Amino acid sequence: MLFKTCIRSFEWRLLAIPEDRAFLRRTSFYLLCFLLVGVSPLVAAQTLQQAWDVAIAHDYGLQAVRENTQASEHQLKAAKAARLPSVTVGAGYTALEKDPEAAVNFAGLSGQFPLAERESYSYQAMTVLPLYTGGQISRSIDAATSALQASKKHEAGKVLDLKLKVAETYLAVLRSSKALEVANSHVKSLKSHASDVDNLYEQGMVSRNDLLAAQVALADALQAFIQVENRLDISRSAYNRLLGREFQAPVVLDELTFETLNDSLESLIDQAIERRYELRVLKEQANALTHKAGAIRAKNRPQVALSGGYDYQENKYQVHEGQWLVGVGMKWTLFDAGSIKNQASASERQARSLEQQYDELLSLIRLQVRQYWLDTQETQKRLSVTEQSISQAEENLKVNRDRYEHGLSTNTDVLSAETLRTASQNNHANAIYDAVLARIRLKWAVSDL
């Protein structure tokens, strides 16, 4: 395919070179040898599935989404870790200005005796196990679980979005390549016609106006060819960017075929509602905020914890410098001026906001599926119509050129017939790629891409 593309691209460039047939033969031979030996064995046509695999592995945006998913997994582990005992160790050195002493008065006699050393070391190891948190830990775990599910669904949805973007760019390359092929055929046909008109003009059988019109039409076709070639280069660069390659890397793609749609609109809408990642993400995010509100409200309930450990305080005046200890403590916030209540209410309001967004998005998804389903129906009908018009346009051009050579038709009729032929080829190619694109977009809309 690359070989044919290069040959076609080379042929139109030869139009601007004086018609030295020996030069053309030599140049074509050298180009042919170069392509056969140096290029064609190195490049194979890439399928859409291969393009998806490469893009998924290299897309930076998708990698960023994956990092967010990993962050959500760590947040869930942190929430679960709150159920387990925590162990802390500490050590310190204390230097006082004076020795701590106690003043005593016993039977009229007063005196002082030391209580601790002026300089001392201390260390301790403590563990704390929550016994009751009013549901704060469990609701925090539920919130982190929902947040993780939302991240996973968002990541899966972004993969579908990337596949759609790659497919659109893939089809843009195929469309531009086909347009270049049609434009090249248009140039060839007009060049042949211009040559015929020139011969007829030399024989005095047509006016100079016919020759000028043919030459102007050829120049316009060459200009259109250059524009199409530029669009093809841009579409290839966009395609290479998505795959993480150099912009100028060769692009050889496998053709795509149209798949007939047999599913009903109602079944597709039901499938979209069940699978679309945006809806599932909003639902999980709303659940996460609801659980978060419950965790915040739990702070107003008693918090009970078991603690224990070992404490050592250097003091030669103390009989037991080290002590093992165990205890049960409770903390209960009775009044905080409404801080906890308002924080919980804020999370609940955010959850309600997402529920409203869910309903709005649900309506948009229904419309989106319907639009792509109608686009698929439309393109299917266009395919048969445009396919018939190609052969008709070819026959029309052949008849008009034959009539023109026998003086039964005008130059304008031939140019119009050539324009119709080119338009029919472009219309048929666009119908094919529009049909394929509509089917891919419909698959994306129902999360089946």
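Bear in mind that the values here come from a model prediction, so they are computed numbers and not experimental data. Counting from 1, residues in each chain are numbered in the order their sequence is written. Selection of residues for local features in this predicted model requires a pLDDT of at least 70, selection of side-chain atom pairs for listing and counting requires 80 or more, and totals for whole chains, interfaces and linings are taken over all residues. To obtain the side-chain values, all non-hydrogen atoms of the structure were used and water was disregarded.

**Quick notes on the nonpolar core**
1) Next: With 60 residues, the main nonpolar core has Leu48, Val166, Tyr170, Leu171, Tyr239, Val369 and Ile440 as its most contacted residues.
2) Next: To qualify as a helix, a DSSP run of H or I must reach at least 4 residues; to qualify as a strand, a run of E must reach at least 2; elements of each kind are numbered from the N terminus. Mapped by element, the contributors of at least two residues to this core are helix H3 (48-58), helix H5 (136-202), helix H6 (208-242), helix H7 (265-275), helix H8 (277-297), helix H9 (339-405) and helix H10 (411-445).
3) Next: Here this core takes 14 residues from H5, the largest share from any one element.
4) Next: The contacts of Val166, once residues within four sequence positions are left out, are Leu48, Ala51, Trp52, Ala55, Leu242 and Leu243. The nonpolar core is taken to be a set of buried Ala, Val, Leu, Ile, Met, Phe, Trp, Tyr and Cys residues, with the residues joined through side-chain atoms within 4.5 Å. The classification of residues rests on relative accessible area computed with a 1.4 Å probe and restricted to protein chains. Under 20% of the type maximum is buried, over 50% is exposed, and intermediate values are partly exposed. By definition in these notes, contact holds between two residues if any of their heavy atoms fall within 4.5 Å.

**Regarding the pairing of strand S2 (residues 101-106)**
1) Next: Here a strand pair is declared whenever DSSP counts at least two bridges between the two strands. Note that S2 and strand S3 (residues 109-114) share six bridges and pair antiparallel. Bridge pairing in S3 links Ala102 to Phe113.
2) Next: Connecting S2 to the next strand, S3, in antiparallel fashion are two residues, including Ala107 with a positive phi near 55 degrees.

**A few points about the pattern of salt bridges**
1) Next: The working definition used for a salt bridge is a side-chain nitrogen of Lys or Arg within 4 Å of a carboxyl oxygen of Asp or Glu. According to the stated counting rule, one finds 15 salt bridges in the structure shown.
2) Next: A salt bridge links Arg175 to Asp434; the shortest N-O distance between them is 2.9 Å. Taken as a pair, Arg175 in helix H5 and Asp434 in helix H10 lie far apart in primary sequence, 259 residues in all.
3) Next: The class of Asp434 is partly exposed, set by a relative accessible area of 23%.
4) Next: Salt-bridge contacts for Glu348 lead to Arg297; the nearest nitrogen and oxygen are separated by 3.1 Å. Of this pair, Glu348 sits in helix H9 while Arg297 sits in helix H8, placing them 51 residues apart in sequence.
5) Next: Residue Glu348 is classed as partly exposed on the basis of its relative accessible area, which comes to 29%.

**Quick notes on the sheet that holds strand S6 (residues 322-331)**
1) Next: Within the open sheet, the four strands sit side by side as S1-S4-S5-S6. Their pairing is antiparallel. Two strands in the sheet have a free side with no partner beyond their single neighbour: strand S1 (86-95) and S6. Averaged over neighbouring strand pairs, the angle between their axes works out to 20 degrees when direction is ignored.
2) Next: Pairing analysis gives 10 bridges linking strand S5 (residues 303-313) to S6, with the strands arranged antiparallel. Paired with Tyr310 across the two strands is Trp324, which belongs to S6. The axes are straight lines fitted to the C-alpha atoms, using for helices just the contacting stretch, and the angles between their N-to-C directions are given from 0 to 180°.

**Brief notes about H7**
1) Next: Here H7 has its buried residues at Leu265, Leu268, Ile269, Gln271 and Ala272. The arc that holds the buried residues of H7, viewed along the axis, is 160 degrees, so those residues lie on one side. What points out from H7, more than 90 degrees from its buried face, is the exposed set Glu266, Asp270 and Glu274.
2) Next: Where the residues of H7 are buried, they touch H8, H9 and H10. In this context, the arc is that of the directions from the helix axis out to the C-beta atoms.

Remember that the coordinates give geometry; whether it matters functionally is a separate question.
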